[in-house]
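The chain contents come next:
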Amino acid sequence: MGRNLYDPSSSVQIPKHKLELWPGYVTSVSQLDGGFMLQTNVSHKMLRTDTVMDMLLEIHKTEPLNLQSRAVKEIVGHVVMTRYNNQTYRVDDIVWDETPRSSFEDRRGNKISYIDYYRDQYSIIIKDCSQPLLLHRMKPKRGQPQQDERLIYLIPELCAMTGLSQSTMDDFMVRKDIVAHTRLDPRDRIRAIKGFIYNVKESPEATAELRRWNLHIDDETLHVQGRKLEPEQIIFGGGVNANRHVVGERADFSQATSANPPITAVNLDNWLLICTQRDQNKGRDLVTVMKEGAKKLGMRVAAPVVLPLRDDRTESFIRAITSNQSEDVQLVVTIVPTDRDDRYNAIKQLCYIDSPVASQVIKSKTLSQPQKMRSVVQKIMLQINAKLGGELWACNIPLGNAMIVGIDTYHDPTSRAGFSFTGFVASMNKTTTQYFSTSRQEDRARSSHRLYKT
């Protein structure tokens, strides 16, 4: 698939999350100091066992009035795989006025419906003949004229989603079950690579192709002299007596972050707390625990302006924020009753772009377990402190007066105008705990080189 190799016959099923893992390998050949080297590593292809049609039916069930807009948001721009030929395609659009009953011209110029084509070509009977079609625009190869762009129409019930949705990635149990299959220690990784080499050598076709090129693959991986770095020390607050934590092999210092004061704490003096009337008690509990936890962090948390809402509509949250925000407001905290992407995105767009202010969105379910309340709020407080400009921790940077700069460009797959967005971030102090950041929309043809000049 693409340039990578996967073995569907050795797939690992994770049924409770509707996921399937295909083990495989990433390979490349380079001419290095020691001659031609085969570089390979273990890779996994993440597939969802539910189809695009399953997703459309689920959206229709939960939000029938917003089916088309939600479907475009959830599907367009994502990569799907057609199980009948294991090809991947990026979905560029959803064609609502076309169905499997629609016809197209085959290679011989004869008109044939999608229903008949899949029955004759793949022995597949399409079940839902009223579903819309997915559109993939196959870009012309380099050197070909732009008008040679091919349009490929796909059947949703025959397409499996690849990758993970944001809600799935946010689920700790899902990540834990995936990591159990994908995180390999060095011994397991070497064992898997040697298995790949063995399979290549046992394949008559692969052996013949290597012989034709007068190439041979060694049985053993190349051994090189390595260097083991000393464990990194994380510096927390405390001035002259600052606490230092030595990070272990797993590079996890989350517990130390919760147990030690930050380098710089920012007081929270003016903030809004917005929640539904049903969640007011949880809001009061949140404020109480925040005030207690703030003392440990060296922060001061004042009482918020509480704005109870009669309903949980997105418009109600947006109206409450816009009506009560001022230059003095440091933070907007919203407690939302359910996990809805459209509401979350609307709140973040308002607080990031339209009316900039630091924001924290908390799911009501997160505050539902009293025994976990303090640890959850402690992590929320660390996030808030960082968003307000506080410094949580630092590393000892051996470089002197160095600025670390990061630049990235995002090309919007749904934009026909060809817009790109460039983000720029740069450190502003020696410990790289303070940053300047900006972003800019560019024409794709001009891209991000203009940002470098300004």
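Rules behind the numbers
- Residues numbered from 1 in each chain as written.
- Predicted model: local features only at pLDDT ≥ 70, side-chain atom pairs only at ≥ 80, totals over all residues.
- Heavy atoms only, no water.
- Buried < 20%, exposed > 50% of the residue type's maximum accessible area, 1.4 Å probe, protein only.
- Helix = DSSP H or I, 4+ residues; strand = E, 2+ residues; numbered from the N terminus.
- Pairing = 2+ DSSP bridges.
- Right-handed = clockwise from strand over helix to strand, strands pointing away.
- Axes fitted to C-alpha atoms, helices over the stretch in contact; angles between N-to-C directions.
- Salt bridge = Lys/Arg side-chain N within 4 Å of Asp/Glu carboxyl O.
- 1 Å grid on protein atoms, 1.4 Å probe; cavity = no way out; pocket = protein on both sides within 12 Å on 5 of 7 lines; lining within 4 Å.
- Points joined across faces, edges and corners; volume = space filled by probe spheres on them.
- Nonpolar A, V, L, I, M, F, W, Y, C, P; charged D, E, K, R; others polar.

K.L.:
Run through the pairing of strand 17 (residues 331–336), naming residues and quoting values.
P.N.:
In terms of burial, strand 17 is a largely internal element, 6 of the 6 residues being buried. In strand 17, alternate side chains face the same way, and those of Leu 331, Val 333 and Ile 335 on one face and Val 332, Thr 334 and Val 336 on the other are all buried. Bridge analysis of strand 15 (residues 271–276) against strand 17 gives 5 bridges, and the strand direction is parallel. Its bridge partner being in strand 17, Cys 275 is matched across the sheet by Ile 335. Across 6 bridges, the pairing between strand 17 and strand 18 (residues 358–363) is parallel. Within the sheet, the bridge partner assigned to Leu 331 lies in strand 18 and is Ala 358. Note on the crossover from strand 17 through helix 11 (residues 341–354) to strand 18: the handedness is right-handed.

K.L.:
Quick rundown of the sheet that holds strand 20 (residues 405–411)? Include the residues and the values.
P.N.:
The 3 strands lie next to each other as 20-21-22, forming an open sheet whose pairing is antiparallel. Two strands close off the open sheet at either side, each with one partner strand: strand 20 and strand 22 (435–443). Each adjacent strand pair in this sheet contributes to an overall mean axis angle of 15°, direction not counted.

K.L.:
Which residues make up unusual backbone geometry, and what values do they have?
P.N.:
Positive phi outside glycine occurs at Asn 86, with the angle close to 55°. Within the fold, Asn 86 resides in the loop between strand 5 (79–82) and strand 6 (87–90).

K.L.:
Explain the environment of Gln 31 to me, using residue names and the numbers behind them.
P.N.:
By the element assignment, Gln 31 lies in strand 3 (residues 19–32). Overall, Gln 31 belongs to the exposed group, its relative accessible area being 62%. Separated by 283 residues in the primary sequence, Gln 31 and Thr 314 have C-alpha atoms spaced 57 Å apart.

K.L.:
Account for the pattern of salt bridges, naming residues and giving values.
P.N.:
Tallied over the entire structure, the rule returns 17 salt bridges. Ionic pairing is found between Glu 74 and Arg 70, a salt bridge with its closest N-O pair at 3.0 Å. Taken as a pair, Glu 74 and Arg 70 lie in helix 2 (residues 67–75) at a separation of 4 residues, close to a single helical turn. Judged on exposure class, the residue Glu 74 and its partner Arg 70 are both buried. Salt bridges sharing partners connect three or more residues here, namely Glu 63, Arg 70 and Glu 74.

K.L.:
Quick one: what's the story with empty space enclosed by the protein, residue by residue and with numbers?
P.N.:
Per the counting criterion, the structure on display carries 1 cavity of 30 Å³ or more. Taken as a whole, the largest cavity holds about 30 Å³ of empty space. Grouping the amino acids of the lining of the largest cavity by side-chain chemistry returns 3 nonpolar, 3 polar and 1 charged.

K.L.:
Give me the lowdown on the sheet that holds strand 10 (residues 133–138), citing residues and values where you can.
P.N.:
One open sheet accounts for 3 strands, arranged 7-10-11; its pairing is antiparallel. Whereas interior strands pair on both sides, the edge strands pair on one side only; in this sheet they are strand 7 (93–95) and strand 11 (150–154). Going across the sheet, the axis of each strand differs from the next one's by a mean of 35°, ignoring polarity. Sheet topology places strand 7 next to strand 10; 3 bridges connect them, and they run antiparallel. Paired with Ile 94 across the bridge in strand 10 is Leu 134.

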